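Notes for the structure review
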Amino acid sequence: MPVFHYASFKFFSFPFKFVCAGLLVFLLHCNAALAATVVLENGDRITGEIVELSDNVLTFKSPLFGEVELPWRKVVELKADQGVTVQLKDGSTVKGKVSLSPQDGLVVDEGVLGRFRVLKKTDVALFNPPVVDYSVKYGARANLGGVFNRGNSEDDALNFDAEFVARTPDNRYTVAAEVNEAESAGLSTTSNRYLLTQYDAFLSEKDYLFLSAKGEQDKLADLTLRTSWGAGYGYQFIETERVKLSMEYGLAYINENYRLAPDESYPSLSLGLDYERKFWNKRLVFFNNNDLSVSLENTADALFKTKVGLRVPIVENVNVATQLNVDYDNMPPPGVKNADSSLIFSVGYGF
């Protein structure tokens, strides 16, 4: 019996060593992964690892809660025993073990003996900023809506808009188009088309110069074709996965051809403001695009276009959208109203 037990122990000791070694490696890996602790202002403490800080939102991976997003302003204490790359608002970076406390601020241990960097919490822009990728990134969306009634009433409506963007750190190419057609009892009630092409050359992360070309038709506004060729300066305030905000201003030359009214052409001052924000873990997208042109020959002659709406994803890459378009012409042709608005519901695809 003793020999049998000894032989059995010898038999199982070989794999047993590997099980113990594997368990030890697993525990060490868990300790390495759970190398950060965050404390919120309400006293909640979460252990895990720092994924990133972007747009004042700390993304934290916890084994209990998974990946969670925490408002940076609500974080009062933070300790990370592994190296974190910290990017400041002035663009500089520092890497090391990070600790945050109300008394000491944000302290970065750079790993060199006695070398610490003491920062203010408000100085921090990003944790673990993405590595600059110079490959071309593509994004596109297309939305389609329509109404076709037959019977006691005959109404047709078609709404289509699409956008394609190609982006590198130094360049951005945009093509956007929109078509709105509606007919009631055989009479056209809406008929307009819009096309935009634009090239942006980035001078820095936020500053860029642009060249644009626009074309527009509006049958009910007597507009056969309006073209606009422009150039100017733009500033990208924010461009993250959650928020995009940019402003542009420049000069353009506008040429308007009307079916009945006299044709016009004039230089203009242009101003644009585009905003997009994702809410509720990117389940809701709010967008607002504004474009203003003022004639340099007659400042009372102004054109204003705005688009505001919501997109709600329903399945991957597919969304439902509703938006309000308003076009305002301060000096329209005789018999044409100043304002033209449309409320649109559509289904779209984007990536």
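Just so you know, these numbers come straight off a predicted model, no measurement behind them. (Residues numbered from 1 in each chain as written. Predicted model: local features only at pLDDT ≥ 70, side-chain atom pairs only at ≥ 80, totals over all residues. Heavy atoms only, no water.)

Description of the overall build of the protein
- A tally of helices and strands in the protein yields one helix and 21 strands.
- When the 351 residues of the protein are sorted by exposure, 35% land in the buried category.
- Put simply, of all contacts in the protein between residues at least 6 apart along the chain, 45% involve residues at least 24 apart.
- Carbon together with sulfur atoms contributes 62% to the accessible area of the protein, which is approximately 21400 Å² in total. (Helix = DSSP H or I, 4+ residues; strand = E, 2+ residues; numbered from the N terminus. Buried < 20%, exposed > 50% of the residue type's maximum accessible area, 1.4 Å probe, protein only. Contact = heavy atoms within 4.5 Å. Areas by Shrake-Rupley, 256 points an atom, 1.4 Å probe, with all protein chains shown as cover.)

A short note on the environment of Pro313
- Examined against the element boundaries, Pro313 turns out to sit in strand E19 (residues 302–315).
- Exposure remark for Pro313: the relative accessible area of 40% places this residue in the partly exposed category.
- C-alpha separation for the pair Pro313 and Val285, spaced 28 residues apart in sequence, amounts to 8.5 Å.
- Setting aside residues no more than four positions away along its own chain, Pro313 makes contact with Lys282, Arg283, Leu284, Val318 and Asn319.

Side note on the nonpolar core
- With 25 residues, the main nonpolar core has Val38, Ile50, Leu58, Leu78, Val86 and Phe127 as its most contacted residues.
- Only strand E1 (36–40), strand E2 (45–54), strand E3 (57–62), strand E4 (66–71), strand E5 (75–88), strand E6 (93–101), strand E7 (105–109) and strand E9 (124–127) provide two or more residues apiece to this core.
- The dominant element in this core, judged by the number of residues it contributes, is E5, at six residues.
- Apart from residues lying up to four places away in sequence, Ile50 is in contact with Ala36, Leu58, Thr59, Phe60, Leu78, Ala80, Val84, Phe127 and Asn128. (Core = buried A, V, L, I, M, F, W, Y, C linked by side-chain atoms within 4.5 Å.)

Some words on the pattern of salt bridges
- Tallied over the full model, the rule gives 18 salt bridges.
- A salt bridge links Arg141 to Glu163; the nearest nitrogen and oxygen atoms lie 3.9 Å apart. Of this pair, Arg141 sits in strand E10 (residues 137–149) while Glu163 sits in strand E11 (residues 155–167), and the two are 22 residues apart along the sequence.
- Given the relative accessible area of 29%, Glu163 is considered partly exposed.
- The closest approach of N and O atoms between Arg226 and Glu256, which form a salt bridge, is 2.8 Å. Of the two residues, Arg226 is situated in strand E15 (residues 223–239) and Glu256 in strand E16 (residues 243–258); the sequence distance between them amounts to 30 residues. (Salt bridge = Lys/Arg side-chain N within 4 Å of Asp/Glu carboxyl O.)

Digging into the confidence of the model for the protein
- Across the protein, the average pLDDT comes to 86, with 87% of residues at 70 or higher.
- Per-residue pLDDT stays below 50 along residues 18–34; that stretch engages in six contacts with residues further than four places along the chain or on separate chains. (pLDDT = per-residue confidence, 0-100.)

A word on the packing of aromatic side chains
- Considering all chains together, one arrives at seven aromatic pairs under this definition.
- Judged by centre distance (5.4 Å) and plane angle (80°), the ring pair of Trp72 and Phe127 falls under edge-to-face. Placement of Trp72 in the loop between E4 and E5 and of Phe127 in strand E9 is noted, with a sequence separation of 55 residues between them.
- The ring of Tyr208 carries the charged tip of Arg172 above its face, separated from the ring centre by 5.2 Å. (Phe/Tyr/Trp six-rings, centres within 6.5 Å; stacked < 30°, edge-to-face > 60°. Lys NZ or Arg CZ within 6 Å of the ring centre and 35° of its normal.)

Some points on the side chain of Ser268
- Within the element layout of this structure, Ser268 appears in strand E17 (residues 264–279).
- The contacts of Ser268, once residues within four sequence positions are left out, are Gly250, Leu251, Ala252, Ile254, Ser293, Val294, Ser295 and Leu296.

Digging into the pairing of E5
- Bridge count for E1 against E5 is five bridges, and the pairing is antiparallel. Residue pairing across strands places Val39 opposite Glu77, the latter belonging to E5.
- Two elements, E5 and E6, share seven bridges in a ladder whose sense is antiparallel. What sits directly across from Gln87, in E6, is Thr93.
- Linking E5 to E6, which pair antiparallel, is a turn of four residues; within it Gly91 sits at a positive phi near 95°.
- In this structure, E5 lies alongside E9, joined through three bridges in antiparallel fashion. Bridge pairing links Gln87 to Leu126 in E9. (Pairing = 2+ DSSP bridges.)

A closer look at the environment of Val107
- Along the polypeptide, Val107 turns up in strand E7.
- For Val107, a relative accessible area of 15% gives the class buried.
- The sequence separation of Val107 and Val118 amounts to eleven residues, and the corresponding C-alpha distance is 4.6 Å.
- Once residues within four sequence positions are removed from consideration, Val107 is found in contact with Lys97, Val98, Ser99, Phe116, Arg117 and Val118.

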